[in-house]
Each structure stands twice: as C-alpha cells, then as structure tokens.
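The primary structure of each chain is shown beneath.
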Amino acid sequence: MHIRCLLLAGLTSLLFAQDQDRRPTPLPMPTVGKAMDKLEAAKDFHSYANPSAVLTTHIALDLKADFEKRVLMGTATLQLKLVDKSADHVDLDTRNLEIEKAESSRDGKAWRIETHTLAAKEPILGSKLTVSLSRESRFLRVSYRTSPGASGLQWLTPEQTAGKSLPFMFSQSQAIHARSWVPCQDSPRIRITYSAVIHTPNELRAVMSADNNPNAKRTGTYRFTMPNPIPSYLMAIAIGDLDFRSLGKRTGVYAEPSVLPKAAKELEDTEKMVAATEKLYGPYAWGRYDILVLPPSFPYGGMENPRLTFATPTILAGDKSLVSLIAHELAHSWSGNLVTYATWNDVWLNEGVTTYVERRIVEAVYGRHQAEMEAMLGRRTLQHLVDTLPAGDTALWFSMKGRDPDEDTSEIAYEKGALFLRTLEEAYGRKSFDTFLRAYFHRFAFRSITTAEFEVYFHNHLPQEPPERKVPVPVQAWLYSPGVPEGAAVPQSDAFELVESRMKPWLEGKATASLIGVQKWSTQEWQHFLQKLPESLSPIRMNELDAAFHFTDSGNAEIAFLWLQLSIRHGYAPADGRLQAYLTGIGRRRFILPLYSELAKTPAGKRRALEIYKLARPGYHPLAQTSIDQVLGYNE
Ligand code: BES
Ligand code: ZN
C-alpha cells in the first residue's frame, strides 16, 4: 500500500502540478501500468498463483456429481503457458480438495506423473498445491474430488427445494471459492476459457456459466464451452430439476418447474434490459443471457455468472419491484465480466461501476422516477456506512491484504462507486460521459485492470476540467480518501417526500395508521417508510401499523426484512413466528445476517438466535454459516 500511495502521489503531482490554465500533458497509460506492475503494486494477495512464471489459458473439466457423497470428482486439465521458460513447477489454489494425482503432458496425449505437494491450510486462502513440471509441459491434469463441505458448493436435500422430490447443487465461486471445486489459479487477473463434461443422475439437468443448450435432453451427461476468457470466479455450475422458459430471442430463465411460471412473469422485461444496455454501452459480448432462479438458500441476491445469472427467488415479489437486481447482474456483463478488477482492492471497479450502470438500465426500462428512488436508498446506505465504518474502510480503493473478501467487502464499493460515476456524469454531461464509459468497456474488454489503470485512462480520455461552470471532480479524493467528497451528486425523488407527508399526521398522533392513505406504494416507498419510522415505537403503535399494512405477513422479502428488524428492536412478539419462518426459509446473507446480529444485541435475543440458528444452520450455505457462526460465536 505504501508503495502504491507513493507512486500515485507522484503520478498525481505530475498530473496536477501544472499551470492551472494549461491542460496537463497526459501520461501514456502503459508507462504507469508497467511501473505499477514492476513494483507488484497490483499484486493479488488472495491467490498463491504466480502468473509471471506460469499462466493457465484453458481448463477442461470432466466431473461427476455424486449426490450421496456430496462431492464432485474427476479431472481438471489445465492448459499452461510458460511465461518463464525455465519454470519447473506451478502453484495452484485449492481449498479442501482431495488430490489423487497430478500428471503433465506436452501434447495432451501422453501423460507422466508429477509430484504434488499440498501445503497446510491457511484460513482465508486455503492450501497451495505445488506441482512439479517436466520440461515443456503444456498440459497439467489433476485428478481430485471436492469435500462435502466445499466452501463454494451447496448440496441441497430434496426438502430444501421447491419440488421436494429431487436434490440440487450449485456453486458460488466469488469471492475466492472456485478453488474449492476446481484446482486453479484463482485470481481475477488470470483469464481462462473453459470446457466441461458433467455427469449427473439421469433425472437432473446441469447448467453452467457457459453455452447452455435450453433444449438439452436429460441424459445424465452435459457438455459445455465458455469460449471467452473469464476470471476463475466466474466459473459456475448448478444441477437440479431445472426447466427452461424462453423470454426473448436470446434471453430465458431456468428454474424448478413449480417456480418457472412466476419467474418467467417477473423477469419478462429481461430482453428489454439487454437491448437498453447495448444501446448505452455497446454490444452484449456473451451470446445468450439467461437467468437461473435458485432455491431460497442461495446466499446472495444475484451472481453475474456469464451467460447465466444466478438469482435468489426472493426477487420474485410479484410486481417486478425487485428486478433492479437483474439489471445489476446484467450490467456486470460489461462492468466486471468484460472489464474485471485485477485484485480485491479494486472491487469497486466491478461493483461500483455496475451499480451505476444498473440504475441507468432501470431508468431506461422503468423510468427516472424508479431509478431515483433506488439511488436515494443507496445514498442513505452509503451515508450509514460512512458514519459507522472505520474511516480507512470507506475509500474506494483500499487494501484487502490479510482480510477475507467475503466478510470485508462492504457496500462502500457499490454505493460510493455509483455516486462517483454519477458525479462524473453530471460534471461532464451525460453524452460525454456515456461515450467515455462505452469506450472504456471497449478498450479493456476481456482484461483485468487496477484502479490506477482506470485513473490513467480517465485522465487521458476526459478533459481535466469539466465543461464550463461545472465544478471539477476531486477524482483522487473519491478513489483514495475516506468519506464522501464535496460536490457529490444528489439523487432526488419527490416520491419519498410524499411518503413522509403521508406519515406525518400519524407520527404526530393526529390520524390512525389506516389513514396514512397508501396508494399502491412500490417496494422502495415502503422501504423509505420503514426506514423513516422513529427509533422507538410503542407495542400499540407497532400493532397499529401491522394491522393496517400486514407487514408481518408480507411476502416481499425486502419489506419483511425491514419489519422484522424493527420487530426485534421493539420486542414485538406477534412477529416472533414469522421471524423464525423467515430465518429458516431464506438463506440470503444480506437479510439473515443483520437479523441474527440484531437479535444478538440482548442476552435473551441471543439465546433465541441460537435456538433458531440450530434449526436453520444445516440449510444455510457454507458462506452464510461462516458469517453467522462469527456473529453468534457458534462452534459446531
Ligand atoms: N458479484 C456480486 C456478488 C458478490 C460480491 C459475491 C462480492 C461475492 C463477493 C453480485 O453482483 C452482487 O452484487 N449481488 C448483490 C445484488 C445487487 C443488486 C446489489 C447481492 O447479492 O445482494
Ligand atoms: Zn454486483
């Protein structure tokens, strides 16, 4: 970090220590990029791979899914490029893999056994696998099996699915869990193409972040190719009782049969979203865009696996009010999957740019009004984080060295990143900024870059001073300083003012809750309403709200989440049963973790949390288990 700061300070003074009236001479990008690389300023501290010696270019998987043992087993054949011709070994990332043997080959036909050593497990990184390489090896074949508790896989019993009759499994490779199901160089700087042969029980279908065939028959064997180079965290697989429904000429949805009709209805605007994004930022580079709706234990809202976004069923609100999540994952097809962060320190390049693009898609498809409400809620989240996190964790670029990216990646990257881009948009004008962003995606397509590279590109492609009468944007402060810099854009929505004016008479005790007079509020208006309630409400007042708006019974996961959080805070007993049902029914970490944390604030609450957790834990994804174990101090 020190080296990087020094270098950037140097770069900045070069860029800015010029006469105010003169445009600084832009630095050619490669100079800085190379200098940074040399100093290893862009080193990925979350991988054992050494890309300056050996690079993987392609991985061919041949894996069988054994649902009884809960393992994937078979081979991963890595195609290698020896950057250092004298390299005599390769270091791979693994976590809890059982390695049977490693073999190398010059031609992919004749194989020889290589020695392999699995180092002791490091808590965050897993185990380094070192394999010797005979001279001129171009292929490395590893025979292995995963462990039943693999951090990047979840195996579900039939009871945990919608259909209740067949099992299910899915992967979640981001942040650093690809290594728990594929021995690989698990670093976003290293891009690979992949192919796979997947063997499943005959009655199940396999899908991957690759060229899925919607018409594939359930034969027990599925073949896939991902022809575009992707980082390892985008390798993904799911196997279950999955059917397909087309949504448009290149879009569709996979889900369990009983979920499919609702999913298809909710997601019917997907094709429009793809078209809207292409209009803004250039052609969609990945062929098909399909969505897989997973069972409720999926630990995230969504995951941008290329060609096949993975999504939580909690977005199926019935009124499309939560489909901005699809806009988000789709946006990653440009920001993230095309242009990828080089290290975890640069995660804002994925999530911040994506959150900005997400709102542009929402605006294009659903209108400015909807996009502004979402931007305002995001702005509030950002303020809350800035007010509560250690200052150092609120810069866009920040050092993740020694930290667990699953636990320490905050919404700062998302919301501060989005606000930064919006501020730039307003300063330079939408037209210029759109042109800039489109060119940026094109320039760095299929590449992984650092914040410093973004910065240099920015300085070379947008003038130093925005158009007249606009205030210059303090780019350095946005990227490297804590908090929200002066002059940040201000999202605005009169919808929320209206909500507040409706709340006022009730808050002042001048009207009953039923008189708040809600006219079909959207989820976002309800979110605003629930977030604006006073710190403390009497049980009678809670009851009154519940009777008027049926929050406890809300089928909308976002609204129920906020209400349950309030209920815990206020000891509102009528919601107790719903809380337990919610926590045992959903595994999305963003919802369940804060509820457990809220419970854990009092001794009685903590006892209750542990009671519920004991029931719910076996159904949670390993990732959610790890986070909640920490919050509750739970040891198995
Ligand atoms: N790529 C992320 C999920 C992720 C981030 C996984 C970091 C592991 C580490 C995905 O695009 C995402 O941001 N999902 C959000 C939804 C979004 C609408 C904010 C989520 O899951 O809540
Ligand atoms: Zn994202």
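In what follows, the structure referred to is the one given above.
Throughout, residues of each chain are indexed from 1 in the direction in which the sequence is written. In the order they appear in the text, chains get letters beginning with A and ligands get numbers beginning with 1. Reporting of local features is limited, given that this is a predicted model, to residues whose pLDDT is at least 70; pairs of side-chain atoms are given and counted only at 80 or more, and all residues count toward the totals for whole chains, interfaces and linings. Water and hydrogen atoms play no part in the side-chain values, which are based on all heavy atoms of the structure.

A. View of the coordination of the zinc ion (ligand 2). Only His328 (NE2), His332 (NE2) and Glu351 (OE) from the protein reach the zinc ion (ligand 2) as donors, at distances of 1.9 to 2.1 Å. In this analysis a donor is any N, O or S atom within 2.8 Å of a metal ion (3.2 Å for sodium, potassium and calcium), and since water is not included, sites may seem incomplete. Sequence spacing of the donors to the zinc ion (ligand 2): H-x3-H-x18-E. Of the two residues, His328 is situated in helix H5 (residues 324-331) and Glu351 in helix H6 (residues 348-366); the sequence distance between them amounts to 23 residues. With respect to burial, His328 and Glu351 carry one shared label: buried. Strands here are runs of E lasting at least two residues and helices are runs of H or I lasting at least four, both read from the DSSP assignment and numbered beginning at the N terminus. Whether a residue is buried, partly exposed or exposed follows from its accessible area with a 1.4 Å probe, protein chains only, as a fraction of its type maximum: under 20%, in between, or over 50%, in that order.

B. Molecular detail of the sheet that holds strand E6 (residues 116-118). Read from one edge of the open sheet, three strands run E3-E7-E6, paired in antiparallel fashion. Every other strand in the sheet has two partners, leaving strand E3 (89-94) and E6 as the edge strands with one partner each. Strand-to-strand twist of the sheet, defined as the mean angle between neighbouring strand axes without regard to direction, takes the value 20°. In this analysis, strands are considered paired if DSSP registers two or more bridges between them. What counts as an axis is a line fitted to C-alpha atoms, over the stretch in contact for a helix, and the angles between N-to-C directions run from 0 to 180 degrees.

C. Main features of the sheet that holds strand E1 (residues 54-66). With respect to topology, seven strands assemble into an open sheet ordered E5-E4-E8-E2-E1-E11-E13, the strand pairing being mixed. Strands at the two margins of the open sheet, each flanked by one partner only, are strand E5 (112-114) and strand E13 (221-231). Taking the axes of each pair of neighbouring strands and ignoring which way they run, one obtains an average angle of 20° across the sheet. In terms of strand pairing, strand E4 (residues 98-105) meets E5 through three bridges, oriented antiparallel.

D. Region of interest: the packing of aromatic side chains. Centres within 6.5 Å are what make two rings of Phe, Tyr or Trp a pair, Trp counting through its six-membered ring; a difference in plane orientation under 30 degrees is then read as stacked, over 60 as edge-to-face, and the rest as tilted. Using the criterion set out here, one finds 44 aromatic pairs in the structure. With a centroid separation of 5.6 Å and an interplanar angle of 25°, the aromatic rings of Phe433 and Phe436 are classed as stacked. Residue Phe433 and its partner Phe436 are located together in helix H10 (residues 430-443), separated by three residues, close to a single helical turn. The same class applies to Phe433 as to Phe436, namely buried. Both rings, one in Phe436 and one in Tyr457, keep their centres 5.7 Å apart while their planes meet at 40°; by these two values the pair is tilted. Of this pair, Phe436 sits in helix H10 while Tyr457 sits in helix H11 (residues 451-461), placing them 21 residues apart in sequence. With a relative accessible area of 5%, Tyr457 lands in the buried category. The criterion for a charge sitting over a ring is simple: Lys NZ or Arg CZ within 6 Å of the ring centre, and within 35 degrees of the ring normal. Across from the ring centre of Trp111, 4.2 Å away, lies the NZ or CZ of Arg141, which sits over that ring. Across from the ring centre of Trp506, 3.9 Å away, lies the NZ or CZ of Arg541, which sits over that ring.

E. View of the pairing of E1. For E1 and strand E2 (residues 71-82), the ladder comprises twelve bridges, and the chain directions are antiparallel. Residue pairing in the sheet places Lys64 in a bridge with Met73 of E2. Hairpin geometry of E1 and E2 is characterised by an intervening segment of four residues between the two adjacent antiparallel strands and by a positive phi of about 60° at Arg70. Examined bridge by bridge, E1 and strand E11 (residues 191-199) share seven bridges and lie parallel to one another. Bridge pairing links Ile59 to Tyr194 in E11.

F. Up close: helix H14 (residues 523-531). Of all the nine residues making up H14, eight are buried; the element is thus mostly covered by neighbouring parts of the structure. The set of residues buried in H14 consists of Thr523, Gln524, Glu525, Trp526, Gln527, His528, Phe529 and Leu530. Next to the buried residues of H14 lie helix H7 (368-388), helix H13 (494-507), helix H15 (539-549) and helix H16 (557-570). Contacts are residue-level and defined by heavy atoms, with any inter-residue pair within 4.5 Å sufficient.

G. Geometry of H6. Residue count minus one, scaled by 1.5 Å, sets the expected span of a helix. Over its 19 residues, H6 runs 25 Å from end to end, which matches the ideal 27 Å to within 8%, given 1.5 Å per residue. Extensive coverage of H6 is indicated by the burial of 16 of its 19 residues. Gly367, located one to two residues past H6, shows a positive phi value of around 100°.

H. Structural view of the packing of helix H4 (residues 270-281) against H10. At a minimum axis distance of 8 Å, the contact between H4 and H10 shows a crossing angle of 100°. Looking at the two axes, H4 sits roughly perpendicular to H10. On H10, the residues touching Lys279, Leu280 and Tyr281 of H4 are Asp434, Leu437, Arg438 and Phe441. In the scheme used here, Gly and all other residues not listed as nonpolar or charged are polar, with Ala, Val, Leu, Ile, Met, Phe, Trp, Tyr, Cys and Pro taken as nonpolar and Asp, Glu, Lys and Arg as charged. Of the residues contributing to the contact of H4 with H10, the split by class is four nonpolar, no polar and three charged. The labels follow the angle: roughly parallel below 35 degrees, roughly antiparallel above 145, roughly perpendicular from 65 to 115, and oblique for the rest.

I. Quick peek at the site of ligand 1. Note on definitions. A residue lies near a molecule or strand when any single heavy atom of the residue is within 4 Å of it. As a structural note, the neighbourhood of ligand 1 is formed by 17 residues, with Gln174, Gly301, Glu304, Glu329 and Tyr414 the closest of them. Polar contacts, as used here, are pairs of N or O atoms within 3.5 Å; protein pairs need one atom able to donate a hydrogen and one able to accept it. Residues neighboring in sequence count only if both atoms are side-chain atoms. Glu329 has a polar side-chain atom sitting 2.7 Å from an oxygen atom of ligand 1. The separation between a nitrogen atom of ligand 1 and a polar side-chain atom of Glu351 is 2.9 Å. Throughout, the Shrake-Rupley method with a 1.4 Å probe supplies accessible areas, and for residues the shown protein chains are the sole cover considered. Taking 520 Å² as the accessible area of ligand 1 by itself, protein coverage stands at 89%. At the level of elements, strand E18 (302-303) and H5 are the ones that each hand at least two residues to the shell around ligand 1. In terms of residues, the shell around ligand 1 owes the most to one element, H5, which gives three residues.

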